[in-house]
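# Descriptive analysis of the structure
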Amino acid sequence: MKNLDKKMLNNVYPEVPESFHNAVISTLDSLEAEKPVKFKKRRTTMRIVAACAAVAVIGTFAVAAAATDFFGLYATKRGKYGLDVTVENSKQSDSDYQSMKLKFGYLPEEYKTEEYESGKSTNYLSMYENEDNYFNAWIDYTDNYHDDLTNVVKTEETEYNGHKTLIITFKEAKNTDKMYYSTLKYFEEYNCLVRCNGTNYDELIKITEKVETEPDTQPVIPKDVLDEDDVPYDRAITDYLKDGDGFRDEYFSGNVKKAKIGESVDMAVANYGQEAVHMTAKVISVKEQDNTDGLDLKDFLTLGGNDSLYYRYFNTDGTFIKRDEFTVHEDADDYDLGTVRNIVINKHFYVADIELTAQEDIDDLSTAFETEVYCIDVDNKFFYGYYTPDYEYVLKIYGTNINNKQSIKKGETLNVKMGFIADNDTVDNAYIIFSAVDAPNDYYQNYMIKFKE
Amino acid sequence: MTKETFSKLVLESEQTLYRISMSMLKNEADCEDAVQTAILTAYEKLSSLKKEEYFRTWLVRILINVCNKQLGRRGKIINLDDNEYTAEPSVPSHDKNVELKIALENLPQKFRQVIVLFYIEGFSVTNIKNILGIPEGTVKSRLSKGRSLLKSSLEA
């Protein structure tokens with residue numbers, strides 16, 4: 001059902017009833033008037049690594065409308081190392097955006113990728129060899145465009161084929177000599193920018209000089225479908241962890257059920273629209289492995305939906321990369337380049353053998369049962385395993401290979417494997433979580449199994 | 001942000017707050033409790049909001065957290081007698097709105113939540129990722145699964 005009828009869905013819930021509205025009004029009336037809260041300005045660096053830059057980033061910051069007779073691409077210095085980049089379009093954009101594609105008049109051979117050669121990616125390109133050698137390019141649509149940059153040490157304004165272009169030089173940090181560069185070439189006639197980023201200044205300039213953009217044959221993109229930028233609000237990790245899903249609520253209320261390796265737990269799951277049915281789940285074993293023996297590589301799932309993370313953690317021969325080094329950037333703002341430091345994390349790869357036995361027929365196990373991993377540290381903070389650019393906690397890298405529509409008959413047993421990576425600091429406090437949901441009753445059950453006794 | 005601006009933004013989000021709380025809690029009294037708690041919490045934590053244009057997303061996240069806590073206190077087993085949306089429609093079954101309503105209400109919460117946020121409230125995948133604190137891939141897979149379940153239900 002690709003196109004759910006939005007009008008129908010909007011009619012599912014009635015208008016706001018009077019009692020609800022009155023509750024809102026009375027609460028607002030009860031608030032004490034306070035001093036206006038000053039918003040902190042968001043700072044970003046434009047340093048993009050390939051893993052994050054593989055999708056076209058659409059800048060949609062709202063910009064305070066300034067009275068201006070000028071139209072175009074503007075860069076305004078902010079402090080010593082800050083830069084505001086804005087675009088004021090010379091014409092009103094339509095309600096929809098014309099899809100644009102990149103056209104490179106020059107591209108070094110080593111920057112070309114399979115996707116680019118095949119024509120699959122038309123509006124972005126990402127080449128990443130390592131932190132010292134990468135290039136990426138994409139198209140940003142410029143309606144209300146605004147970006148804050150930090151670590152800027154030089155800005156050049158020029159024009160290529162009548163298109164205003166900014167060339168920006170960044171310094172990675174005050175305690176390193178590493179530089180990286182970006183160009184923004186403005187195509188006013190199409191309300192878009194071509195953004196190129198990379199580590200080789202000379203090649204970047206050559207590429208930017210000759211890069212063009214042209215309408216794509218794809219349908220236009222409705223404006224409301226474009227992804228917005230991340231919500232940049234700040235929360236202490238402990239605040240975040242105390243909110244959230246049923247497992248966390250159970251954990252902090254002391255009601256989470258614990259189990260051991262080898263112990264069967266009974267869980268109620270429900271097919272869609274049906275009564276709950278029972279199954280047992282058991283972790284047979286958790287073993288540390290140095291490689292992917294016994295695992296089907298095609299079933300490796302990563303959080304990005306592709307296998308690029310697999311190659312981050314495993315060599316091509318399937319051996320696990322036990323030691324990882326990261327560069328962490330800290331404390332950059334308008335007056336400080338910040339610092340970088342290298343951290344080394346020693347990691348372990350574990351494979352859990354899990355057995356699921358149906359007590360009754362189950363038509364579709366995948367909707368009602370999930371396994372996850374958490375790490376819980378001594379301060380009772382815990383983290384759902386997911387990748388961050390700097391470091392990982394416990395990362396589920398291999399799915400439980402429960403496919404959609406996976407049915408299981410009464411008495412049958414399904415064996416699944418689950419792989420995860422934990423670093424030295426977290427491995428002693430990592431847990432496998434079984435979650436089952438009884439859909440009609442919205443009833444969740446969670447068990448946690450410590451995988452390193 | 002002044003109290004006046006805050007109030008104005010809350011009222012602009014009122015429909016969203018109602019629809020999201022109702023999709024989770026399914027009764028009016030609990031929704032009123034939840035939204036009052038969410039408004040008070042949001043006002044108290046106003047300094048954590050970095051840009052006014054993200055107010056709606058931020059407020060929705062607070063509301064969802066409040067609703068989750070309320071569900072936890074309720075014991076997670078919803079007595080169907082308390083549910084204003086019963087499995088048996090009181091209108092002819094050819095009424096598509098009612099069928100869709102029932103189908104939506106019968107979705108597991110994790111799928112219903114993303115469907116409501118995406119299709120009814122118009123949040124993007126990135127917004128939903130931040131509201132619910134889950135990876136983007138999970139948002140997409142739940143949308144896909146939720147659509148598939150709705151379709152199966154409506155075609156049955």
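Now for a look at the structure at hand. (Residues numbered from 1 in each chain as written. Chains lettered and ligands numbered in written order. Predicted model: local features only at pLDDT ≥ 70, side-chain atom pairs only at ≥ 80, totals over all residues. Heavy atoms only, no water.)

Residue and element names in this part refer to chain A. Taken across its nine residues, strand β6 (residues 133–141) has nine buried, putting it largely inside the fold. With burial as the criterion, each face of β6 is covered, one bearing N133, F135, A137, I139 and Y141 and the other bearing Y134, N136, W138 and D140. Relative to β6, strand β5 (residues 124–130) is paired through six bridges, and the arrangement is antiparallel. The residue bridging Y128 from the neighbouring strand is Y134, located in β6. (Buried < 20%, exposed > 50% of the residue type's maximum accessible area, 1.4 Å probe, protein only. Helix = DSSP H or I, 4+ residues; strand = E, 2+ residues; numbered from the N terminus. Pairing = 2+ DSSP bridges.)

Turning next to the pairing of strand β9 (residues 163–171) of chain A. In the case of a regular strand, side chains alternate between the two sheet surfaces. Residues and elements named next belong to chain A. Among the nine residues of β9, eight are classified as buried, and the element is accordingly described as predominantly covered. Note: strand β8 (residues 152–160) against β9, eight bridges, orientation antiparallel. The partner of K154 across the bridge, within β9, is T169. Here β8 folds back onto β9 in antiparallel fashion, the turn holding two residues, of which N161 has a positive phi close to 50°.

A side chain of one charge can pair with a side chain of the opposite charge if their charged atoms are brought near each other. All names here are of chain A. This model, assessed by the stated rule, comprises 16 salt bridges over all chains. For K103, the salt bridge identified is with E214, shortest N-O distance 3.5 Å. Separated by 111 residues along the polypeptide, K103 in strand β4 (residues 100–104) and E214 in strand β12 (residues 211–215) bring together distant segments of the chain. On the basis of relative accessibility, which here comes to 43%, the residue K103 falls in the partly exposed class. In this structure, D132 engages K178 in a salt bridge whose closest nitrogen and oxygen atoms are separated by 3.1 Å. With a gap of 46 residues between them, D132 in the loop between β5 and β6 and K178 in the loop between β9 and β10 (179–187) connect regions that are remote in the sequence. You can call K178 partly exposed: its relative accessible area is 25%. Residues participating in the shared-partner salt-bridge network are R78, D84, D148 and D334. (Salt bridge = Lys/Arg side-chain N within 4 Å of Asp/Glu carboxyl O.)

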